[in-house]
Amino acid sequence: MASVHLTGPRVAVAAKPAALGGLRLTPASLAVPTGRRARGLVVRAATVVSPKYTSVKPLGDRVLVKVKTTEAKTEGGILLPVSVQTRPTGGEVVAVGEGRSFGSNTIEISVPVGAQVVYSKYAGTELEFNDADHLILKEDDIIGILDSDDVKDLKPLNDRILIKVAEAEEQTAGGLLLTQANKEKPSIGTVVAVGPGPLGEDGSRKPLSITPGSNVMYSKYAGSEFKGEDGEYIVLRASDVMAVLS
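The following paragraphs examine the structure supplied in this document. (Residues numbered from 1 in each chain as written. Predicted model: local features only at pLDDT ≥ 70, side-chain atom pairs only at ≥ 80, totals over all residues. Heavy atoms only, no water.)

**Observations regarding a nonpolar patch on the surface**
Reasoning step 1: Judged by side-chain polarity, I188, M217, M242 and L245 come together as a nonpolar surface patch covering roughly 320 Å² of accessible area.
Reasoning step 2: Within the secondary structure layout, L245 lies in strand β21 (residues 241-245). (Patch = residues over 30% accessible without salt bridge, like charges linked within 9 Å, V, L, I, M, F, W, Y side chains within 5 Å. Areas by Shrake-Rupley, 256 points an atom, 1.4 Å probe, with all protein chains shown as cover. Salt bridge = Lys/Arg side-chain N within 4 Å of Asp/Glu carboxyl O. Helix = DSSP H or I, 4+ residues; strand = E, 2+ residues; numbered from the N terminus.)

Rendered as structure tokens:
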């Protein structure tokens, strides 16, 4: 995979999905160099760490992630200009903080150094360190651990749930065939995996009541959407699940 070096402020804008390794994120966001805030766009400026500093040590419940390189080509081999290259939302954990404090107890970070993770699209603070793009973010902003290129293998963290989205209806109740543009986006799916649960005020985990295999209805605009090898997936918090269907 080609490595593209980007410096200076960045803007995240909506665009057609592109591949991140074998994983596709939907919708994708793009990294566009800019020096100002444009209407409707979110400006993100990367902090450049001077070469005189040789390490970055996150504090508390923060994690340092080395961001995956930006896709420079389409699947067909066409070179992409910088303005339309997808901003990755995954990378490798290279350092972690000491954990969260609960009274006199400290709960260590559950994500190990070396883990390949997927994180929330707009989370964290960007920095350029050792000529590579990094991100410092809170542990709770990490969606899950993904050691393969297929989202169905994702291990959700905390109170997050991985759901395989149901197929959109091909026709109306009256038998009329629906075009792709008229198909309603489903908000129903099957639970594939669940996280260990959120941390309570005493630092203990509270297991989720939702179990793998359950058919659920969830909030239509919640979570992060992904395209897997066998269909669409979504990762969201347990609080965004509205009902269990049976």
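**Side note on the pattern of salt bridges**
Reasoning step 1: Applying the stated criterion across every chain yields a total of three salt bridges.
Reasoning step 2: R237 serves as the salt-bridge partner of D159, at 2.7 Å between the closest nitrogen and oxygen. On the criterion of sequence distance, the pair formed by D159 in the loop between β15 (155-156) and β16 (160-165) and R237 in strand β20 (residues 231-237) is long-range, its members being 78 residues apart.
Reasoning step 3: Residue class for R237 comes out partly exposed when judged on its relative accessible area of 24%.
Reasoning step 4: One salt bridge connects E232 with K227, and the closest N-O pair in it is separated by 3.8 Å.
Reasoning step 5: The exposure class assigned to E232 is partly exposed, which follows from its relative accessible area of 34%.
Reasoning step 6: Residue class for K227 comes out partly exposed when judged on its relative accessible area of 36%. (Buried < 20%, exposed > 50% of the residue type's maximum accessible area, 1.4 Å probe, protein only.)

**Observations concerning the nonpolar core**
Reasoning step 1: In this structure, V111 and V117 are the most contacted members of the largest nonpolar core, which totals 16 residues.
Reasoning step 2: Elements that contribute at least two residues to this core include exactly β7 (62-67), β8 (90-96), β11 (116-119), β13 (132-138) and β14 (142-145).
Reasoning step 3: Here this core takes three residues from β7, the largest share from any one element.
Reasoning step 4: Setting aside anything within four residues of it in sequence, one finds V111 in contact with V93, V96, V117, E139, I142, I145 and L157.
Reasoning step 5: Counting 13 residues, the second-largest nonpolar core is a separate cluster that includes L208, Y218, A222 and L236. (Core = buried A, V, L, I, M, F, W, Y, C linked by side-chain atoms within 4.5 Å. Contact = heavy atoms within 4.5 Å.)

**Some words on unusual backbone geometry**
Reasoning step 1: Of note, D131 is a non-glycine position whose phi angle comes to about 60°, a positive value.
Reasoning step 2: With respect to the element layout, D131 can be found in the loop between β12 (125-129) and β13.
Reasoning step 3: Overall, the relative accessible area of 69% leaves D131 in the exposed class.
Reasoning step 4: Within the chain, N158 stands out as a residue other than glycine whose phi angle is a positive 55°.
Reasoning step 5: With respect to the element layout, N158 can be found in the loop between β15 and β16.
Reasoning step 6: Relative accessible area serves as the criterion here: at 9%, N158 is assigned to the buried category.

**Observations regarding the pairing of β11**
Reasoning step 1: Pairing between β8 and β11: three bridges, direction antiparallel. By the bridge assignment for β11, G90 is matched with V118.
Reasoning step 2: Inspection of the sheet shows β11 paired to β14 by three bridges, in the antiparallel sense. By the bridge assignment, V118 is partnered in β14 with G144. (Pairing = 2+ DSSP bridges.)

**Overview of the packing of aromatic side chains**
Reasoning step 1: Scanning all chains against the criterion turns up zero aromatic pairs.
Reasoning step 2: The positively charged end of K164 is found above the aromatic ring belonging to Y233, 6.0 Å away from the centroid. (Phe/Tyr/Trp six-rings, centres within 6.5 Å; stacked < 30°, edge-to-face > 60°. Lys NZ or Arg CZ within 6 Å of the ring centre and 35° of its normal.)

**Here we look at the sheet that holds β8**
Reasoning step 1: The sheet built from eight strands is open, its strands ordered β6-β12-β13-β7-β8-β11-β14-β15 with mixed pairing. Since the sheet does not close on itself, it has two edges, and those belong to β6 (47-48) and β15, each with one partner.
Reasoning step 2: Relative to β12, β6 runs parallel, the two being bridged by two bridges. Residue T47 lies in a different strand from β12, and its bridge partner there is L127.

Honestly, it's all geometry; don't read function into it.
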